[in-house]
Amino acid sequence: MDHFEYRDGELWCEGVDLTELAGRVGTPLYVYSRRTLEDHYDRLVKAFAQLDPLICYSIKSCGNVNLCRILAGRGAGMDVVSGGELFRAQQAGVRMDKIVYAGVGKTDAEIRDAITAKIGWFNIESEAEFENIASIAKQMGAQVRAALRINPDVDPKTHAKTTTGKKETKFGVDIERARRFFERYGQDEHALLRAVHLHIGSPVYSPEPYVQAIDKALTLIEKLRHQDYQIDAIDIGGGFGADYESGQSPSFADYASEIVPTLKKFHDDGGQVILEPGRTIAANAGVLLTRVQYIKMGGSKKFVIIDSGMHHLIRPTLYDSFHFIWPTKVAPMHQPDKGQRRLEMDLPGLEPCEVVGPVCESGDYLAKARRLPPVARGDVLCVFSAGAYGMVMASNYNAFPRPAEVLINDKRVTQIRRRETYQDLVAGELEPTEL
Ligand code: LLP
């Protein structure tokens, strides 16, 4: 469900014509739809309402302060993994007791900042980290709440680079080690070990792995409670899918219909449920607009060379991810409806193309052997579902400035991040200092 749609062969977002916008603001350009972002968040809240969960939006997926502020305004907390993300959340006005802080390598400075900010939960990834957080809290005369991240060892059937809940991973501790962990640290007075955290991978395109993982976590919690450890919360992580191809992902309601019953008793007994969704909220709330620079043949292949690429959206290169790409202006016979955003499009006159960027790497592409309507120099292409893990993973490789970001709210367009300039690229280098 999103608010990007073709009308009379032209792509619109809410009340804005995106071809016209690209001409006016320039490309490459990340465009977000406020209504889509809000709809996704609201649907998620509704689907899981019976558990009244704390929804900690995973800021790593799309961290623009202005977008985070919208979600915070609707009551969202945030899942952060660095001091920088915590700072972003603070700038967005997120309530600090709604922050969960994960990440395997938290530094002393980051831990101190998070304690000072009075965040809700530290998600603990190892014994050494727990000891460090407890000792810093003690030095500061503070008390923090901690959740132990466990690896439920289930297969989320997702890309190897985004699988996290298996036994041999750098994240969390395995479930057998968890009880020993509580026996060792469960009485600490400065870091109160009071919750269990899991995150199995991303994206996870079915509810079953969640149910399996949560069942394992609940069994552990039951045993821990039996030993008189107080467990106040379970954080089931994020990883819910998004439709990169139409109809690919279960709906919020589909996930909830299986997950809610497994957690209902825990909730009814007074336990708090925490979710950390990122992609499912942000992915289809954003697109990347890019302009065709040149068309070139390479052997029998047709290359469509654009003014964006792996430096702005690295997902195809890094994970072989599919992003639907289509011109913002098409002939009537090439107008897709929303159900038609897919790899295989059964329309006449499409031609296989390599959609590539200007970066000096052969891995710089957004699509390979992709059948597109005829495109020419100057046309604007829309790369869909780019709201999550798009701009946040962009780089300045080859010294290309990063794109601007704009937010559409009905007919209004607001620039929420200005386009970088050449000056920005060298700003930190202009005054060398002797150390
Ligand atoms: N919680 C934890 C502990 C995580 O590690 C992640 C994502 C999330 C929540 C949010 O997952 P989401 O709901 O957004 O799927 N760059 C990759 C995805 C990396 C995900 C890392 N962790 C991609 O572009 O597919």
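The structure under discussion appears in the preceding block.
Quick look at the structure, then.

1. Considerations on the overall build of the chain
Along its length, the chain carries 12 helices and 21 strands. Scaling as 2.2 N^0.38, a compact globule of 435 residues should have a C-alpha radius of gyration of about 22 Å, and the chain matches this with 23 Å. C-alpha atoms of the chain, sized along the principal axes, occupy 70 × 60 × 40 Å. Taking all 435 residues of the chain together, 55% fall into the buried category. Of the contacts formed within the chain by residues at least 6 apart in sequence, a portion of 70% connects residues at least 24 apart. Element-wise, carbon and sulfur atoms account for 49% of the exposed surface of the chain, whose accessible area totals about 18,800 Å². Positive and negative side-chain charges of the chain, numbering 53 and 59 respectively, have mean locations separated by a distance of 2 Å.

2. Side note on the packing of helix α4 (residues 83-91) against helix α5 (residues 108-117)
One way to put it is that α4 packs onto α5 with a least axis distance of 9 Å and a crossing angle of 25 degrees. Taken together, the axes of α4 and α5 are roughly parallel relative to one another. The way α4 lies across α5 gives a crossing that is left-handed. Of α5, the residues touching α4 (which contributes G83, L86 and Q90) are E110, D113, A114 and A117.

3. Examining the site of the ligand
As a structural note, the neighbourhood of the ligand is formed by 17 residues, with S202, E276, R315, Y319 and Y389 the closest of them. H199 places a polar side-chain atom, nitrogen or oxygen, 3.5 Å from a nitrogen atom of the ligand. In this structure, an oxygen atom belonging to the ligand sits 2.4 Å away from a side-chain N or O atom of S202. Computed on the free molecule, the ligand has an accessible area of 590 Å², of which 91% lies beneath the protein chains in the complex. For the shell around the ligand, the class distribution of residues is 4 nonpolar, 7 polar and 6 charged. Counting contributing residues per domain, the shell around the ligand is built from domain 1 (4-32 + 283-426) and domain 2 (34-282), each supplying no fewer than three.

4. What to know about helix α2 (residues 34-47)
Here α2 spans 20 Å end to end across 14 residues, near enough to the 20 Å set by a 1.5 Å rise per residue. Listed in full, the buried residues belonging to α2 are T36, L37, E38, H40, Y41 and L44.

5. Focus on the pairing of strand β14 (residues 286-298)
Two faces make up the sheet, and in a regular strand the side chains alternate between them. Relative to β14, strand β4 (residues 29-33) runs antiparallel, the two being bridged by 4 bridges. Of the residues in β14, the one forming a bridge with V31 is V287. As paired elements, β14 and strand β15 (residues 301-306) share 6 bridges and run antiparallel to each other. What sits directly across from V292, in β15, is I306. The antiparallel hairpin formed by β14 and β15 contains 2 residues in its connecting segment, where G299 sits at a positive phi of about 65 degrees.

6. Here's the deal with the sheet that holds strand β1 (residues 4-7)
Reading across the sheet, the 3 strands line up as β1-β2-β3 and stay open at both edges, with antiparallel pairing between neighbours. Only two strands of the sheet have a single neighbouring strand rather than two, namely β1 and β3 (16-17). Relative to β3, strand β2 (residues 10-13) runs antiparallel, the two sharing 2 bridges. Looking at the pairing, W12 lines up with D17 of β3.

7. Describing the state of the cysteines
Every disulfide links exactly two cysteines, by a covalent bond between their sulfur atoms. Evaluated as defined, the whole model comprises 0 disulfides. Of all cysteine sulfurs in the structure, the one in C382 sits closest to C353, which takes part in no disulfide; the separation is 16 Å. Free of any disulfide, C382 has its nearest cysteine sulfur in C13, 9.2 Å distant.

Calculation criteria
Residues numbered from 1 in each chain as written. Predicted model: local features only at pLDDT ≥ 70, side-chain atom pairs only at ≥ 80, totals over all residues. Heavy atoms only, no water. Helix = DSSP H or I, 4+ residues; strand = E, 2+ residues; numbered from the N terminus. Rg over C-alpha atoms; globule rule 2.2 N^0.38 Å. Buried < 20%, exposed > 50% of the residue type's maximum accessible area, 1.4 Å probe, protein only. Contact = heavy atoms within 4.5 Å. Areas by Shrake-Rupley, 256 points an atom, 1.4 Å probe, with all protein chains shown as cover. Lys, Arg positive; Asp, Glu negative; His and termini not counted. Charge placed at Lys NZ, Arg CZ, Asp CG, Glu CD. Axes fitted to C-alpha atoms, helices over the stretch in contact; angles between N-to-C directions. Parallel < 35°, antiparallel > 145°, perpendicular 65-115°, else oblique. Left-handed = near helix turned anticlockwise from the far one by under 90°. Near = heavy atom within 4 Å. Polar contact = N/O pair within 3.5 Å; in protein donor to acceptor, adjacent residues only side chain to side chain. Nonpolar A, V, L, I, M, F, W, Y, C, P; charged D, E, K, R; others polar. Domains from an automatic or database assignment. Expected span 1.5 Å × (residues − 1). Pairing = 2+ DSSP bridges. Disulfide = S-S within 2.5 Å.

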